Amino acid sequence: MKILVTVKEVATVEDEFEIEGTEIADQYLGADLNEWDDYAVEEAVQLQEAGVADEVVTVTIGPEDCEQTIRQALAKGADRAVRVWDDSLEGVDLLDVNAKTEILSAVVEEEDPDLVLTGVQAGDDSFGATGVSLAEEIGYQWGAVVNHLEHEFDGDVASVRRELEGGVEELTDIELPAALTIQTGINEPRYASLRGIRQAQRKELDVKSLADLGVDESAVDSDLELTDMYEPESESDVTVWEGSADETAAELGELLRDKGVAP
Amino acid sequence: MSDVLAVTDHRRGDLRDVSYEIITAGRQLADDTGGDLHLAVISGPVDDFAEKLNREGVDAIHTVSHGEEFNHDVYTQTITQLYDELAPQYILTPNSVNGLDYAPAVANELGLPVVTDTIGLSVNGETLTATREMYGGKVETTNELEGDAVVTIRGAEWPTADGTGDAVIEAFDAEIDEDAVGSTVNGFEEVGGGDVDISEADVLVSVGRGIEEEDNLELIHDLADALDATVSSSRPIVDNGWLPKNRQVGQSGKVVTPDVYIAIGISGAVQHVAGMKGSDTIVAINTDPNAPIMDIADYAIHDDLFDVVPALTDQFQ
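Residues numbered from 1 in each chain as written. Chains lettered and ligands numbered in written order. Predicted model: local features only at pLDDT ≥ 70, side-chain atom pairs only at ≥ 80, totals over all residues. Heavy atoms only, no water.

**A word on the overall build of chain B**
Right, so step 1: Helix and strand counts for chain B come out as 9 helices and 17 strands.
Right, so step 2: The principal-axis extents of the C-alpha atoms in chain B amount to approximately 65 × 40 × 35 Å.
Right, so step 3: Looking at the 317 residues of chain B, the share that counts as buried comes to 59%.
Right, so step 4: Across chain B, every contact between residues at least 6 apart in sequence was considered, and the portion connecting residues at least 24 apart equals 64%.
Right, so step 5: Here chain B has roughly 11,800 Å² of accessible surface; of this, 40% comes from carbon and sulfur atoms.
Right, so step 6: Placing the 15 positive and 60 negative side-chain charges of chain B at their respective mean positions leaves the two points 7 Å apart. (Helix = DSSP H or I, 4+ residues; strand = E, 2+ residues; numbered from the N terminus. Buried < 20%, exposed > 50% of the residue type's maximum accessible area, 1.4 Å probe, protein only. Contact = heavy atoms within 4.5 Å. Areas by Shrake-Rupley, 256 points an atom, 1.4 Å probe, with all protein chains shown as cover. Lys, Arg positive; Asp, Glu negative; His and termini not counted. Charge placed at Lys NZ, Arg CZ, Asp CG, Glu CD.)

In structure tokens:
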């Protein structure tokens, strides 16, 4: 089985920051491998160690600067990486789901994996939609928000659990080939070993342009336009009850009765 | 066309709250576009659901009786057919785990843009303006797009719709291609102990690090019993194994929106606040007047929880 894992370097923001236009000012930004993707990589590497997968390839859309982050996945055990970048992607401040789908689907067609693992969402723009959109585009089956994947496959069927709201998990069988969006907590992502980090430097990292993939430049034209960014307003307007514990508890008791929620 | 098609969410025989919230969001959009609000009710006891969903502002409800539970292939096929039939300007779906399992597929199949996890929406002519968060809620953004789109809404951002509507309820004859259904739901399992869904509770008695020791949790359980409320917690309590995972409020736990949220010994880290800021009324009991929880609390008691909590329990016993 061949597994393709989509990975993304995401921007991280310091607690105190400033906004310039529709972006957070550079000096307050850091970069890291997207948290959800870290779990997706771990799941793929575990499948490889279990002898289920024979090759794990990562794919990312990102500039040269992100290679160090992408090599983290190689250091953890992925075999090789594909990085898509293009002059037409320079200066694009929001790549929407359709654009990512079109670019990534071209890579999937080239690589022809049995399983595509993506993170549920990215920690920066948090669309949570690319994995499922990609699956539909390439004609794969899919499952969103997977927090358990059986490592023993029953033929061409993946048995997964989907993490629904309210502490409920859905037990689902999904035919391969499929794309699964991986939720945090599905496993315990490893730290890369020093040996892994050294090896990662020598692993293959292919850079492809849109032309290499046969994707038209118009793919990067997002339908969605970011028009404003601001800090959410604080709603602080607290009423402090003073007095002894009995007095303040009485105030709270009265509030609960007023709200009609006390028995 | 200027209509809005909103898709409802249900699980194991019950409509989820967001199904009533999406009526409010959908009506608002339809008012902006000057169109009708259509609801899609797919799978499960659809006639019963349709009756419940027939609230003020709904113009038409389309029921599709196919299977009991959610299946993304059935939803995707049905919604794309409804889009062809009704030609709405917007398809609105919950940004739930199931919403995220079909909305992007619907959008891609129809060649429409998709904008997810919106917390505010308005339309001016053909331009949709969607408000959404980035960087884990550190910033809000506005985003514009032209023409038809698939939009998912975050739960608990819009109020639930009330009243009784006079919607036309009719069965929609969707053609489901069973060969294209590639996934099978075999069942459900409650995890983390018990069958409590803290996101459905009216009153949450929520406990944090300030409780100090596991044995002290009894105070919290006593209060919850006296109030007929539900116990929830911040992350450290679950990490310590003192409460099961399904009690955890926050980004990595549950998002809750009770009528009253009583935060006891919770400092209010941003990850926790993300899970409970939508509560109607927030009461914080904490010795530290500068704890971040005070920024979003409506009422506060700056006192020792070991004094206040028993005094409160006494009132209701």
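Still to come is the rest of the account.
**Details of the pattern of salt bridges**
In a structure, side chains of opposite charge can pair up when their charged atoms sit close to one another.
All names here are of chain A.
Right, so step 1: For the structure shown, the criterion picks out 22 salt bridges over all chains.
Right, so step 2: Notably, a salt bridge pairs Lys76 with Asp38, separated by 2.6 Å at the nearest N-O pair. Here Lys76 is found in the loop between helix 2 (67-75) and strand 7 (80-84), whereas its partner Asp38 is found in helix 1 (residues 35-49), with 38 residues between them in sequence.
Right, so step 3: You can call Asp38 buried: its relative accessible area is 18%.
Right, so step 4: Of the charged contacts, one joins Arg80 and Glu55 as a salt bridge, the two residues approaching to 2.9 Å between their closest N and O atoms. Of the two residues, Arg80 sits in strand 7 while Glu55 sits in strand 6 (residues 55-61), which places them 25 residues apart along the sequence. (Salt bridge = Lys/Arg side-chain N within 4 Å of Asp/Glu carboxyl O.)

**Observations concerning the side chain of Arg27 of chain B**
Right, so step 1: With respect to the helices and strands, the residue Arg27 of chain B is situated in helix 1 (residues 18-33).
Right, so step 2: Among the polar contacts made by the side chain of Arg27 of chain B, one reaches the side chain of Asp59 of chain B at a distance of 2.9 Å. (Polar contact = N/O pair within 3.5 Å; in protein donor to acceptor, adjacent residues only side chain to side chain.)

**Regarding the interface of chain B and chain A**
Right, so step 1: The partner chain A presents 76 residues to the 76 residues of chain B that form the contact.
Right, so step 2: For the pair chain B and chain A, the summed buried surface comes to about 6,400 Å²; carbon and sulfur atoms form 57% of the total.
Right, so step 3: The three residues of chain B that bury the most area against chain A are Val97, Tyr135 and Lys138 of chain B, which together make up 11% of that side's buried surface.
Right, so step 4: There are 2 salt bridges connecting chain B and chain A.
Right, so step 5: Arg161 of chain A serves as the salt-bridge partner of Glu189 of chain B, at 3.2 Å between the closest nitrogen and oxygen.
Right, so step 6: For the pair chain B and chain A, the number of links is 29 residue pairs in polar contact (both at pLDDT 80 or more).
Right, so step 7: The biggest single contributor to the side of chain B that touches chain A is strand 12 (residues 183-190) of chain B, with 8 residues.
Right, so step 8: Of the residues belonging to the side of chain B that touches chain A, the class tally is 35 nonpolar, 21 polar and 20 charged. (Buried area = accessible area lost by both parts, 1.4 Å probe. Nonpolar A, V, L, I, M, F, W, Y, C, P; charged D, E, K, R; others polar.)

**With respect to the sheet that holds strand 6 (residues 90-94) of chain B**
Right, so step 1: With mixed pairing, 10 strands are arranged side by side in an open sheet as 14(A)-9(B)-8(B)-7(B)-10(B)-6(B)-1(B)-4(B)-5(B)-11(B). Two strands in the sheet have a free side with no partner beyond their single neighbour: strand 14 (225-230) of chain A together with strand 11 (168-171) of chain B. Geometrically, the sheet is characterised by an average inter-axis angle of 30 degrees between neighbouring strands, direction not taken into account.
Right, so step 2: Both strand 14 of chain A and strand 9 (residues 139-146) of chain B contribute to a ladder of 5 bridges, which runs antiparallel. Counterpart to Glu225 of chain A in the pairing with strand 9 of chain B is Glu144 of chain B.
Right, so step 3: Against the sheet, helix 1 of chain B makes contact with strand 1 (4-7), strand 4 (37-42), strand 6, strand 7 (114-124), strand 8 (127-134) and strand 10 (149-153) of chain B, and its axis sits at roughly 160 degrees relative to strand 6 of chain B, the strand it touches most.
Right, so step 4: In the packing of helix 2 (residues 46-53) of chain B onto the sheet, the strands contacted are strand 4, strand 5 (60-64) and strand 11 of chain B, and the crossing angle to strand 5 of chain B comes to about 165 degrees. (Pairing = 2+ DSSP bridges. Axes fitted to C-alpha atoms, helices over the stretch in contact; angles between N-to-C directions.)

**Observations regarding the sheet that holds strand 1 (residues 2-6) of chain A**
Right, so step 1: Spatial ordering of the open sheet is given by 13(A)-7(A)-6(A)-1(A)-8(A)-12(A)-9(A)-10(A)-11(A)-12(B), a layout of 10 strands whose pairing is mixed. Edge positions in the sheet fall to strand 13 (205-208) of chain A together with strand 12 of chain B, since each of these pairs with one other strand and no more. Taking each pair of neighbouring strands and ignoring which way they run, the sheet shows an average axis angle of 30 degrees.
Right, so step 2: Across 5 bridges, strand 8 (residues 115-119) of chain A lies against strand 12 (residues 178-182) of chain A in parallel orientation. Bridging from a neighbouring strand, Leu117 of chain A pairs with Leu180 of chain A of strand 12 of chain A.
Right, so step 3: Along the sheet, helix 1 of chain A makes contact with strand 1, strand 6, strand 8, strand 9 (141-149) and strand 12 of chain A, crossing strand 8 of chain A at roughly 150 degrees.
Right, so step 4: In the packing of helix 4 (residues 99-110) of chain B onto the sheet, the strands contacted are strand 9 and strand 10 (157-163) of chain A, and the crossing angle to strand 9 of chain A comes to about 155 degrees.

**Details of the domain arrangement of chain B**
Residues and elements named next belong to chain B.
Right, so step 1: For chain B, the assigned domains read domain 1 (4-180) and domain 2 (198-315).
Right, so step 2: Computed from C-alpha coordinates alone, the two centres of domain 1 and domain 2 are separated by 33 Å.
Right, so step 3: On the side of domain 2, 4 residues touch domain 1, which itself brings 4 residues to the contact.
Right, so step 4: Roughly 350 Å² is buried in total at the junction of domain 1 and domain 2, and carbon and sulfur atoms are behind 34% of that figure.
Right, so step 5: The tally of links between domain 1 and domain 2 comes to 1 salt bridge.
Right, so step 6: Applying the counting criterion to the domain 1 and domain 2 interface returns 1 residue pair in polar contact (both at pLDDT 80 or more).
Right, so step 7: In terms of residue class, the side of domain 1 that touches domain 2 is built from 1 nonpolar, 1 polar and 2 charged. (Domains from an automatic or database assignment.)

**Focus: the packing of helix 2 of chain A against helix 5 (residues 194-202) of chain A**
Residue and element names in this part refer to chain A.
Right, so step 1: For the pair helix 2 and helix 5, the least separation of the axes is 8 Å and the interaxial angle reads 115 degrees. Where helix 2 crosses over helix 5, the two elements pack in a sense that is right-handed. Contacts between helix 2 and helix 5 pair Arg71, Leu74 and Ala75 from the former with Gly196, Ile197, Ala200 and Gln201 from the latter.
Right, so step 2: In the contact of helix 2 with helix 5, the residues fall into 4 nonpolar, 2 polar and 1 charged. (Left-handed = near helix turned anticlockwise from the far one by under 90°.)

**Here's the deal with the layout of surface pockets**
All names here are of chain A.
Right, so step 1: Approximately 1,300 Å³ is the volume found for the second largest pocket.
Right, so step 2: Lining the second largest pocket are 49 residues, and of these Lys8, Glu9, Ala11, Asp93 and Asp124 lie nearest its centre.
Right, so step 3: Elements with a minimum of two residues in the lining of the second largest pocket: strand 2 (9-13), strand 4 (23-24), strand 5 (29-33), strand 6, helix 3 (97-111), strand 8, helix 4 (130-138) and strand 14. (1 Å grid on protein atoms, 1.4 Å probe; cavity = no way out; pocket = protein on both sides within 12 Å on 5 of 7 lines; lining within 4 Å. Points joined across faces, edges and corners; volume = space filled by probe spheres on them.)

**Here we look at the environment of Asp148 of chain B**
All names here are of chain B.
Right, so step 1: One can find Asp148 in the loop between strand 9 and strand 10.
Right, so step 2: Taking the relative accessible area as the measure of exposure, Asp148 reaches 25% and is therefore partly exposed.
Right, so step 3: Discounting residues that sit within four places of it in the chain, Asp148 has contacts with Tyr83, Pro88, Gln89, Leu112 and Pro113.
Right, so step 4: For Asp148, the side chain forms a polar contact with the side chain of Tyr83, separated by 2.6 Å.

**Concerning the UniProt feature "domain: Electron transfer flavoprotein alpha/beta-subunit N-terminal" (unreviewed entry) in chain B**
Right, so step 1: Mapped onto the present numbering, the UniProt feature "domain: Electron transfer flavoprotein alpha/beta-subunit N-terminal" (unreviewed entry) falls on residues 4-184 of chain B.
Right, so step 2: In this annotation, residues 4-184 of chain B is assigned 28% helix and 34% strand; the end-to-end C-alpha distance for the span is 30 Å. (UniProt positions renumbered as here; feature names shortened; annotations may be inferred.)

**Looking at helix 4 of chain A**
Right, so step 1: By the criterion of burial, helix 4 of chain A is predominantly enclosed, with 8 of the 9 residues buried.
Right, so step 2: Regarding helix 4 of chain A, the residues found buried are Thr130, Gly131, Val132, Ser133, Leu134, Ala135, Glu136 and Ile138 of chain A.
Right, so step 3: Here the buried face of helix 4 of chain A lies against helix 3, strand 8, strand 9 and strand 12 of chain A together with helix 4 of chain B.
Right, so step 4: Gly139 of chain A occupies a position one or two residues after helix 4 of chain A and carries a positive phi of about 75 degrees.

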